[in-house]
Amino acid sequence: MTREELESIRQESYELPNNVLTAVPFPIVSVRTSTYNHGAYIRDCIEGVLSQKTDLPVEYIIGEDCSTDGTREVVFAYAQKYPDIIRVITADRNVGMKANGYRTRSACRGMYVAICEGDDYWTDPLKLQKQVDFLEAYPEYSLCFHNVSMKYEDGSREQHQAYRPKGMKSTITLEDVLWSPLLITCSVMFHNGLLREYPDWFFEAPFGDWPIFVFLAQRGDLGYLDEVMAVYRVHSGGMYSGADQITRLQQRLWFLERMREYLGAEYSDILEQLILMCNIDIEMVKHSMKLTDGAVQNRVASARARLQTESKADRVEQLWTKWYVARAFTAHDVGDQASARGAI
């Protein structure tokens, strides 16, 4: 979808009547939620935002995408009950994930933006205050994020498993973000003023969060708060978690190739290596192969030898070690992003 198409949809959308522009003329934080058919989850999401304890002026923007499962009615009822804080942006037809995200993003007026998609929820009532305090104390950081619990709705894994291991470093760089998104959207807060213009390819990206994290990491490091303050739901209806392994890897490959063009020579070496690793992962999944298979071992050895140069030997070895560790976490599911990220 092009920038022009997204802008056209934004202009045809409308906002439910509210008092927010009068009650909160200068918000410090804009919280935004995109939701579609989250009927089983949306109340938890909204209540987690409304339960925040802070003296900061906050506006809450919900993009409701013409849901058919009761989500729309729930969102409209909350908007009517809380007209001084909730702004609902919608249309009389389904516009899709990208357009819904675009119109909610465009509506944010706050100095800082926090995100909680409609199937996730916040658990710490001091979350917003803690993150604003961090960004005010360390203005050189463009974003801060925190740990979350992973909740698998199908019961396939432990219901509340921490996403980030203890001892994770507190400062994340652009190179770290290229290796893996690292962040869950319901955990982030960032400086709104840093994101004003986007390259054209951004509007065609299969996901919006990872590119935004890269754009922000270009403008400052990302700070990590080692506290669990939200729940991220993994379910078949999720925008990303429901995708199959091949689709996930192909989306990752598309993004890495765009990053190689966008970031230029400074990051070309690491991106060449990451693209190659991703292609190997795709091959492994397509043919149900494992790291122990001879064909894979030969391909990996050949790739490492080709990339290995005297000036870059240490960095190449670090990258491939990370890749091996990630695969050890996913012996039967090399496309599982969550496990791969846990190796960072």
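Residues numbered from 1 in each chain as written. Predicted model: local features only at pLDDT ≥ 70, side-chain atom pairs only at ≥ 80, totals over all residues. Heavy atoms only, no water.

**Student:** For the overall build of the protein chain, give the residues involved together with the corresponding values.
**Tutor:** Helix and strand counts for the protein chain stand at 13 helices and 11 strands. A total of 344 residues make up the protein chain; the buried ones form 53% of that total. When contacts within the protein chain are restricted to residue pairs at least 6 apart in sequence, long-range pairs at least 24 apart make up 79% of them. When the accessible area of the protein chain is evaluated, it comes to approximately 15,100 Å², of which 50% is carbon and sulfur surface. (Helix = DSSP H or I, 4+ residues; strand = E, 2+ residues; numbered from the N terminus. Buried < 20%, exposed > 50% of the residue type's maximum accessible area, 1.4 Å probe, protein only. Contact = heavy atoms within 4.5 Å. Areas by Shrake-Rupley, 256 points an atom, 1.4 Å probe, with all protein chains shown as cover.)

**Student:** Outline the packing of aromatic side chains, supporting the account with residue identities and numerical values.
**Tutor:** Overall, the coordinates contain 18 aromatic pairs when judged by the stated rule. Ring geometry for Tyr78 against Tyr82: centres 6.3 Å apart, planes inclined by 15 degrees, an arrangement best described as stacked. With relative accessibility at 28%, the residue Tyr82 sits in the partly exposed group. With a centroid separation of 6.1 Å and 75 degrees between ring planes, the pair formed by Tyr198 and Phe203 is classed as edge-to-face. We classify Phe203 as buried; its relative accessible area is 3%. Site record: aromatic cluster; members linked through ring pairs are Tyr102, Tyr198, Trp201, Phe202, Phe203, Phe215, Trp254 and Tyr262. Looking at Arg105, its charged tip hangs above the ring of Tyr198, at a distance of 5.5 Å from the centre. For Lys127, the ring lying beneath its charged end belongs to Trp122, and the centroid distance is 4.7 Å. (Phe/Tyr/Trp six-rings, centres within 6.5 Å; stacked < 30°, edge-to-face > 60°. Lys NZ or Arg CZ within 6 Å of the ring centre and 35° of its normal.)

**Student:** Could you give me a rundown of the pairing of strand β7 (residues 143-152), with the residues and numbers involved?
**Tutor:** Strand residues, when the strand is regular, have side chains that alternate between the two faces of the sheet. Counted residue by residue, β7 has 10 buried out of 10 residues, so it is predominantly covered. Direction of pairing for β7 relative to strand β10 (residues 189-191): antiparallel, over a ladder of 2 bridges. From the neighbouring strand, Leu143 faces β10, where its bridge partner is Phe190. Of the strand pairs in this sheet, β7 and strand β11 (residues 222-234) are connected by 9 bridges, and their pairing is parallel. (Pairing = 2+ DSSP bridges.)

From the geometry alone we can't say anything about function, so treat these as descriptive.
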